[in-house]
Structures are given as C-alpha cells and as structure tokens.
Amino acid sequence: MSYEVTSAVAAIIEDASGRVLLCQQAGGHQLWGLPGGRVRAAESPVHAAVRDIFEETGLEAEIVELVGMYEVTGDGCGEAVPDLFVHVFRGRLGGRLEGGGPALNAPGRISRLAWHDPASLPEPLTATTRTAIADAGAGRTGVIRKITRDDLREARQEAPQEVAVA
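Just so it is clear, the structure is predicted and the values come from calculations on it, not from any experiment.

Q: Quick one: what's the story with the sheet that holds strand β2 (residues 20–25), residue by residue and with numbers?
A: The strand order across the open sheet formed by three strands is β3-β2-β7, and the pairing between neighbours is antiparallel. Where the open sheet ends on each side, the last strands, each with one partner, are β3 (32–33) and β7 (110–116). Where β2 meets β7, six bridges bridge the pair, whose relative direction is antiparallel. From the neighbouring strand, V20 faces β7, where its bridge partner is H116.

Here it is in structure tokens:
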C-alpha cells in the first residue's frame, strides 16, 4: 500500500487594514487559498514560502513566525489528490506596496489575487486557509492540526444554479 504525502507551504500576509492576501487557483475547483505551494527537494519550508510568494505575487516577503503545521487529508477534491503536510507562516511583504500592491505573477497557476477581510472570506476556500486564518486571528502560533478537505463534490451538487435574466 502506497501512502503519498506532499510537503507544502503557505503564508498569511496582511495589509495595513488587516485584510489577508488570497490567490484563486486557475484550474481544478478554482479554490481560494493563501499564497504558497510545494516544497522542492532539498528546500527548507521557509525558503519555499518566500519563493512561492515571489513567484505568485512578484513581491519579496519575510517570514515572521510559524502559525502552524497542518496535515490535510480526505478526498473531497477527488481520489487522485495526495495528502498534504502544510507549514503555514505569517509573512510580511518587503518594501512599500506602491501601485496597488501584488500583481498576478503566475497566470498558469493563479487566476486572481485579492485582499479579503478575514470576517468575509470568498468561497470556495481551501480547508487549510480557513483553519490557518482562524488560528492566526486567535493569536495562535505553533499549532499542529489534522484537517479534512471540504467535500467539493457535495458542495457543487447543492449549490444553487444561476439563472440568466433577460
């Protein structure tokens, strides 16, 4: 029996108003999530987070602290999706945010970047993002959690159908 786990990173980055930077995936379920991605071979989680933030937003970042480590399981996105072990950090963007801030820098992976109030996050949202933002908002650091992916197949079937108005 084979058990595949992918190491990943993400970062909670807030602007001066306390809004959180989120990325919407370009493919698949087009989930909203924190900037981040896979950890490459021989790469530290901190380096991976800084690299992925730059690749997705074009901005340099500094890692401030570890919010938590999250084991993500479940086949809510489909059986072919591996389990994840995600280091989620609190990050800070370097320099001043001139001209509106981050720019879409990875159009093949990310379709949109936007700042969101933690009290009104967009959907669909990754379970890791939802849990980590709640932990960070409560002032928790060094959290270790096991979370289950949302069942997006159920959500898609239950979602109301949009009707075009003529």
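Q: If you had to explain the environment of Q30 to someone new, which residues and values would you point to?
A: Mapped onto the elements, Q30 comes out in the loop between β2 and β3. For the pair Q30 and L125, spaced 95 residues apart in sequence, the C-alpha to C-alpha distance is 8.9 Å. Once residues within four sequence positions are removed from consideration, Q30 is found in contact with Q24, Q25 and P124.

Q: Kindly report on the nonpolar core, identifying the contributing residues and their values.
A: Judged by nonpolar contacts, the single largest core of 19 residues is most densely connected at I12, L22, L34, Y70 and V88. Looking at this core, the elements that each hand over two or more residues are β1 (5–13), β2, β5 (61–73), β6 (83–93), α2 (127–137) and β8 (143–148). Excluding its chain neighbours within four sequence positions, the residues that come into contact with I12 are V20, L34, V67, V88, F89, R90, G91, A132, I133 and A136. Of all hydrophobic cores here, the second largest spans eight residues; its members include A11, I53, L59 and A61.

Q: Any chance you could break down the pairing of β2 for me, citing the residues and the numbers?
A: Taking burial as the measure, the six residues of β2 include five buried ones, the bulk of the element. The pairing of β2 with β3 spans two bridges and is classified as antiparallel. Of the residues in β3, the one forming a bridge with C23 is G33. The loop that links β2 with its antiparallel partner β3 comprises six residues; one of these, G28, has a positive phi angle of about 60°.

Q: Please give an account of unusual backbone geometry that cites residues and values.
A: A cis geometry characterises the amide bond from E123 onward to P124, with omega recorded as -5°. Along the polypeptide, P124 turns up in the loop between β7 and α2. Although it is not a glycine, Q30 sits at a positive phi angle of roughly 55°. Residue Q30 is classed as partly exposed on the basis of its relative accessible area, which comes to 40%.

Q: Explain the sheet that holds strand β4 (residues 36–38) to me, and be specific about the residues and the numbers.
A: Backbone hydrogen bonds are what pair the strands of a sheet, in a parallel or an antiparallel way. Read from one edge to the other, the open sheet built from five strands follows the order β4-β1-β6-β5-β8, with strand pairing classed as mixed. A single partner strand is all that each edge strand has here, and the edge strands are β4 and β8. With direction set aside, neighbouring strand axes in the sheet form an average angle of 25°. For β5 and β6, the ladder comprises 10 bridges, and the chain directions are antiparallel. Of the residues in β6, the one forming a bridge with M69 is H87. Set on the sheet, α2 makes contact with β1, β5, β6 and β8; between it and β5 the angle comes to about 125°.

Cut-offs applied
Residues numbered from 1 in each chain as written. Predicted model: local features only at pLDDT ≥ 70, side-chain atom pairs only at ≥ 80, totals over all residues. Heavy atoms only, no water. Pairing = 2+ DSSP bridges. Helix = DSSP H or I, 4+ residues; strand = E, 2+ residues; numbered from the N terminus. Contact = heavy atoms within 4.5 Å. Core = buried A, V, L, I, M, F, W, Y, C linked by side-chain atoms within 4.5 Å. Buried < 20%, exposed > 50% of the residue type's maximum accessible area, 1.4 Å probe, protein only. Axes fitted to C-alpha atoms, helices over the stretch in contact; angles between N-to-C directions.

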